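# A structural walkthrough
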Amino acid sequence: MESLTRSPERDVSTKEQSSSSALPRIVIYGASGHALGCALDLKHRLRSRPLCEIVAYIDDFRGGRGELLDGAPIISFEEWRSRFGNVSCFISVGDPSARRRLAEKMQACGGSFSCLFESEETALPHVKMGVGSAVAATSHIGPQTTLGDHVHIYPMSWVAHDVRIADYVTVAASCSVSGHVVIEEGVFVGAGAVIVHGRPDRPLVIGAGAKIAAGAVVTKSIPPGATVAGNPARPLRELARNRTASHDAE
Ligand SMILES: CC(C)(COP(=O)(O)OP(=O)(O)OC[C@H]1O[C@@H](n2cnc3c(N)ncnc32)[C@H](O)[C@@H]1OP(=O)(O)O)[C@@H](O)C(=O)NCCC(=O)NCCS
């Protein structure tokens, strides 16, 4: 996990702090309803205080037309470079590979990402988190868990303990991840999925780039790149084949 070896861009939180709020200022990449949801969560009433001040939203299509979102301007990527390039950024895109693409694009242009969960007030106890990552105010992350860079955990999810979540993973709303699970890079865990049966001597591993369908119950390791669904979770193709076979048999 890059973030734990590389120092997050903390200079932004001192140099770019708002004098009134003393919160780190950030720009959010994305200006959709999803982006607004992420932004509101960072300021959620369940937090002891907001985690940041959002100074602008970048939208590659709507940016630069003078529109506002929740009081902040929607800007173009070019405007970000010229006006806000030294402000830390948060990529509010749910799809792991799209999030990676945008993060790499920003980094190539000198952009940086910070860890919003580092101060004593916001730290999740015994949890290590990389830059650009966020855990919804209503989600729980248990101890001895590590989250890489640009990991998103959406609302009402529960990650038990001793879980390793690599860079660019998305855990959608209302998921449960039991202890001793490894979620490799770029995995998408769909809404309401349940991942169980990790053991200390044999962690359950979700391979890099895998997709877990909404509502799936994963009880065994999943190979990289697979898409699984159902209870117990099976490869989507296998499920489709079985459905066709049982339909043909009728
Ligand atoms: C698994 C998933 C990624 C598959 O998407 P896809 O590749 O576009 O596949 P399709 O939607 O075309 O579905 C393919 C087949 O799988 C079935 N299927 C899709 N999702 C399923 C699910 N969650 N459980 C069981 N079967 C499912 C479809 O019914 C379809 O079956 P058919 O071929 O017999 O009609 C998607 O359905 C999913 O669950 N995404 C997660 C969405 C989510 O949680 N978003 C969170 C927002 S915060």
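Quick caveat: nothing in here was measured; it's all calculated off a predicted structure.

## So, the overall build of the protein chain
Secondary structure summary: the protein chain contains six helices and 22 strands in total. Relative to the globule expectation of 18 Å for 250 residues, the C-alpha radius of gyration of the protein chain, 19 Å, shows essentially globular dimensions. If one aligns the C-alpha atoms of the protein chain with their principal axes, the spans along those axes are about 65 × 40 × 35 Å. The burial tally for the protein chain puts 47% of its 250 residues in the buried class.

## Examining the site of the ligand
In the vicinity of the ligand, the contacting residues are Ala-172, Phe-188, Gly-190, Ala-191, Lys-211, Ala-213, Ala-214, Thr-227, Ala-229, Leu-236 and Arg-243. In this structure, an oxygen atom belonging to the ligand sits 2.7 Å away from a main-chain N or O atom of Ala-191. Within the side chain of Arg-243, a nitrogen or oxygen atom sits 2.9 Å from an oxygen atom of the ligand. Protein contacts shield 44% of the accessible area of the ligand, which totals 910 Å² for the unbound molecule. Breaking the shell around the ligand down by element, the ones donating at least two residues are β21 (227–229) and α6 (236–249). Of the residues that constitute the shell around the ligand, the class distribution is seven nonpolar, two polar and two charged.

## Examining the sheet that holds strand β13 (residues 170–171)
Pairing in this open sheet of seven strands is mixed, and the strands run β7-β10-β13-β16-β19-β21-β22 from one edge to the other. Unpaired on one side and paired on the other, β7 (134–135) and β22 (234–235) mark the two borders of the sheet. Strand direction decides the pairing type here: strand β19 (residues 211–212) and β21, joined by two bridges, are parallel. Counted as the bridge partner of Ile-212 is Val-228 from β21.

## Regarding the packing of aromatic side chains
For the structure on display, the rule yields two aromatic pairs. Following the ring pairs from residue to residue traces out a cluster consisting of Tyr-29, Phe-77 and Trp-80. Note that Lys-105 overlies the ring of Phe-77, its terminal NZ or CZ placed 4.3 Å from the centroid.

## Remarks on helix α3 (residues 33–42)
Structurally, the α-helix is built with 3.6 residues per turn, so residues lying three or four positions apart point the same way. Within α3, burial applies to Ala-35, Cys-38, Ala-39, Asp-41 and Leu-42. One side of α3 carries all its buried residues, which in axial view fall inside an arc of 160°. Residues of α3 that are buried in the fold lie against β1 (25–29), β2 (53–58), β5 (88–91) and β7. With a side-chain oxygen positioned 3.2 Å from the backbone nitrogen of His-34, the residue opening α3 is Ser-32.

## Overview of the domain arrangement of the protein chain
Assigned domains within the protein chain: domain 1 (2–108) and domain 2 (127–231). Here domain 1 and domain 2 have C-alpha centroids that lie 24 Å from each other. In this assembly, 21 residues from domain 1 lie in contact with 26 residues from domain 2. Together domain 1 and domain 2 conceal approximately 1700 Å² of surface at their shared face, both sides included; 59% is due to carbon and sulfur atoms. When residues of domain 1 are sorted by the area they lose upon contact with domain 2, Pro-96, Arg-99 and Arg-100 head the list and together hold 29% of the total. At the boundary of domain 1 with domain 2, the tally comes to one salt bridge. Notably, a salt bridge pairs Arg-100 with Glu-185, separated by 2.2 Å at the nearest N-O pair.

## Describing the pattern of salt bridges
Tallying each qualifying case throughout the model produces 10 salt bridges. Among the salt bridges present, the one from Asp-70 reaches Lys-43, with a minimum N-O distance of 2.9 Å. Here Asp-70, found in the loop between β3 (68–69) and β4 (72–75), pairs with Lys-43, found in the loop between α3 and β2; they are 27 residues apart in sequence, far enough to count as distant. Accessibility expressed as a relative area gives 34% for Lys-43, which makes it partly exposed. Among the ionic contacts, a cluster of salt bridges with common partners joins Asp-59, Arg-62 and Glu-67.

Calculation rules
- Residues numbered from 1 in each chain as written.
- Predicted model: local features only at pLDDT ≥ 70, side-chain atom pairs only at ≥ 80, totals over all residues.
- Heavy atoms only, no water.
- Helix = DSSP H or I, 4+ residues; strand = E, 2+ residues; numbered from the N terminus.
- Rg over C-alpha atoms; globule rule 2.2 N^0.38 Å.
- Buried < 20%, exposed > 50% of the residue type's maximum accessible area, 1.4 Å probe, protein only.
- Near = heavy atom within 4 Å.
- Polar contact = N/O pair within 3.5 Å; in protein donor to acceptor, adjacent residues only side chain to side chain.
- Areas by Shrake-Rupley, 256 points an atom, 1.4 Å probe, with all protein chains shown as cover.
- Nonpolar A, V, L, I, M, F, W, Y, C, P; charged D, E, K, R; others polar.
- Pairing = 2+ DSSP bridges.
- Phe/Tyr/Trp six-rings, centres within 6.5 Å; stacked < 30°, edge-to-face > 60°.
- Lys NZ or Arg CZ within 6 Å of the ring centre and 35° of its normal.
- Arc of directions from axis to C-beta.
- Contact = heavy atoms within 4.5 Å.
- Domains from an automatic or database assignment.
- Buried area = accessible area lost by both parts, 1.4 Å probe.
- Salt bridge = Lys/Arg side-chain N within 4 Å of Asp/Glu carboxyl O.

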